[in-house]
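One letter stands for each residue in the lines below.
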Amino acid sequence: MRLLNTTKRKLEEFGGNEVPLYAILSHTWGETEITFQDIKGGDVERRAEYEKIRKTCDIAAAHGFDYVWIDTCCIDKTSSAELSEAINSMYYWYQDSIVCYVYLADVPHSTVDYHTGVIDPEFSASRWFTRGWTLQELIAPQTVIFLDQEWQEIGSKASLQQIISKATGIPTDILLGGDLEGASVAQKMSWAAKRETTRVEDLAYCLMGIFGINMPLLYGERERAFTRLQEEIIKVSDDYSLFAWKSSDENSCLLAPSPAAFVDSGGIIPFNPPGNSKLYLKVLGLPSFHV
């Protein structure tokens, strides 16, 4: 694992049990970002994009961290092998971090009234809540701190749990570190139903960690990536809520064409009564179905 030293602003590599305590950044990409090659090449501190690196390091260092992980510069994306390993490991990297800083570049400082504690809708309307990759970055870390565009703290995942749950459809117990395995496959898929990624394949790849799946990356396969993800889920799970989806796509088969097909499946929860086969309940009074 490659980490950025928060004081030297240099990259260092660690393996196995040698990885130190670290903070991690979650953000949405701008038009240009500081890359691995930029950091290695040096002389990047005068570039405007470097401010994100500087601020992240400063905040992490102020909280006592010697190291931070930032996706834009800690992965050599020119290496397909390294990129594949990183994407397959990313959920666990966020999970193992001590704190995750979420930088919301489109949320102004005025969003929070620090006298009343009231938070404007601009917070939950942030682009960050619409991106595919940020789903695992919200769920995996135990401690998440949200920062506005001026790098001032808005609140934590715990203190903002009700607002975040309403914006994402994720139950508060899951947000607070509850058993992710207790959520049905359909329910997890529903959390990604309205999210987007720049590349079609990433709609599947960004969900691998949430489902505990590892698979090779094949950019260029397009929608086939989501089919492969579902096939891998079937191999390790007997949760047939995977088939609880609907789509207007006439070419659809047994497997869903995309996470969007699960947009109405957030209320499908597993229930295991003693002596009975697994049952899935659709909340809000709708019929249940056996699998």
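From a predicted model like this one, the values you see are computed outputs, not experimental measurements.

The helix and strand inventory of the chain stands at ten helices and ten strands. Compactness check: the chain gives a C-alpha radius of gyration of 20 Å against a globular reference of 19 Å for 291 residues, within 12% of the reference. Over its C-alpha atoms, taken along the principal directions, the chain stretches across nearly 60 × 50 × 35 Å. Counting every position in the chain, which comprises 291 residues, the buried fraction comes to 50%. With the model as given, the accessible surface of the chain reaches about 14300 Å², and the carbon-plus-sulfur share is 51%. Of the charged side chains in the chain, 26 are positive and 40 negative, and the gap between their average positions amounts to 2 Å.

A word on the pattern of salt bridges. All told, the structure shown has 14 salt bridges when counted by the stated rule. As a salt-bridge pair, aspartate 43 and arginine 46 come within 2.9 Å of each other at their nearest N and O atoms. In terms of burial, aspartate 43 and arginine 46 fall into one category: exposed. Ionic contacts of the salt-bridge type, sharing partners, join the residues Arg2, Glu13 and Glu82 into one network.

Further remarks concern the environment of proline 121. Mapped onto the secondary structure, proline 121 falls in the loop between strand S5 (99–103) and helix H5 (133–139). Each C-alpha atom of the pair proline 121 and leucine 175 lies 19 Å from the other, and the pair is 54 residues apart in sequence.

Moving on, we come to the nonpolar core. Grouped together as the largest cluster of nonpolar side chains are 89 residues, with contacts concentrated most on Leu4, Trp69, Tyr101, Phe146, Met189, Leu207 and Leu229. The element that contributes the greatest number of residues to this core is helix H4 (residues 80–96), accounting for seven residues. With residues near it in sequence (within four places) discarded, methionine 189 still touches Leu207, Phe211, Phe226, Leu229, Gln230, Ile233, Leu242, Pro259 and Phe262.

Let us look at H4. Under the 1.5 Å per step criterion, the end-to-end length of H4 is 24 Å for 17 residues, consistent within 8% with the ideal 24 Å. The principal kink in H4, of about 50 degrees, is found at serine 89. For H4, the complete set of buried residues consists of Leu83, Ala86, Ile87, Asn88, Ser89, Met90, Tyr91, Trp93 and Tyr94. Where H4 is buried, its residues touch strand S3 (23–26), strand S4 (67–69), S5, H5 and helix H9 (202–205).

Moving on to a negative patch on the surface. Residues Asp106, Asp113, Asp120 and Glu122 make up a contiguous surface patch of negative charge. Take aspartate 120: it is sitting in the loop between S5 and H5. A relative accessible area of 31% means that aspartate 120 is categorised as partly exposed.

Here we take up unusual backbone geometry. A positive phi angle is found at arginine 9, which is not glycine, with a value near 60 degrees. Looking at where arginine 9 falls in the secondary structure, it is placed in the loop between strand S1 (2–5) and strand S2 (11–13). Non-glycine residue arginine 222 carries a positive phi angle of around 55 degrees. With respect to the helices and strands, the residue arginine 222 is situated in the loop between H9 and helix H10 (224–236).

This part is about the sheet that holds S1. Within the open sheet, the seven strands sit side by side as S2-S1-S4-S3-S5-S6-S7. Their pairing is mixed. Of all the strands in the sheet, just S2 and strand S7 (153–156) have a single pairing partner and so form its edges. Strand-to-strand, the axes of this sheet are offset by a mean angle of 30 degrees, without reference to chain direction. As judged from the four bridges shared by S3 and S5, these two strands associate in the parallel manner. By the bridge assignment for S5, alanine 23 is matched with valine 99. Contacts from H4 reach S1, S3, S4 and S5, with the element oriented near 110 degrees to S3.

Definitions and cut-offs
- Here the residue index of a chain counts from 1 through its sequence in written order.
- This being a predicted model, a pLDDT of at least 70 is required before a residue's local features are given, and a value of 80 or more before pairs of side-chain atoms are given or counted; all residues contribute to the totals for chains, interfaces and linings.
- Side-chain descriptors were evaluated using all non-hydrogen atoms of the structure, hydrogens and water having been removed beforehand.
- Each helix is a run of H or I in the DSSP string that is no shorter than four residues. Each strand is a run of E no shorter than two, and both are numbered from the N terminus.
- Only C-alpha atoms enter the radius of gyration, while the globule expectation follows 2.2 Å times N to the 0.38, with N the number of residues.
- Buried means the residue's accessible area, taken with a 1.4 Å probe over protein chains only, is under 20% of the maximum for its type, while exposed means over 50%, and partly exposed covers the values in between.
- Areas reported as accessible are Shrake-Rupley estimates using a 1.4 Å probe. Residue values count occlusion only from the protein chains shown.
- We count Lys and Arg on the positive side and Asp and Glu on the negative side, and we leave His and both chain ends out.
- Where a charge lies is defined by one atom per residue type: Lys uses NZ, Arg uses CZ, Asp uses CG and Glu uses CD.
- A carboxyl oxygen of Asp or Glu within 4 Å of a side-chain nitrogen of Lys or Arg is what we treat as a salt bridge.
- Definition of nonpolar core: a set of buried residues of the types Ala, Val, Leu, Ile, Met, Phe, Trp, Tyr and Cys, connected through side-chain atoms within 4.5 Å.
- Any pair of residues with heavy atoms lying within 4.5 Å of one another is described as a contacting pair.
- For a helix, the expected span equals 1.5 Å multiplied by the residue count minus one.
- Each residue is assigned a bend, namely the angle between axes fitted to the seven residues that terminate at it and the seven residues that start at it.
- Patch membership needs two things, relative accessible area over 30% and no salt bridge, and members are linked within 9 Å if like-charged or within 5 Å if nonpolar (Val, Leu, Ile, Met, Phe, Trp, Tyr).
- Strands qualify as paired when DSSP identifies two bridges or more between them.
- The convention used is that axes are lines fitted to C-alpha atoms, helices contributing only their stretch in contact, and that angles between N-to-C directions extend from 0 to 180 degrees.

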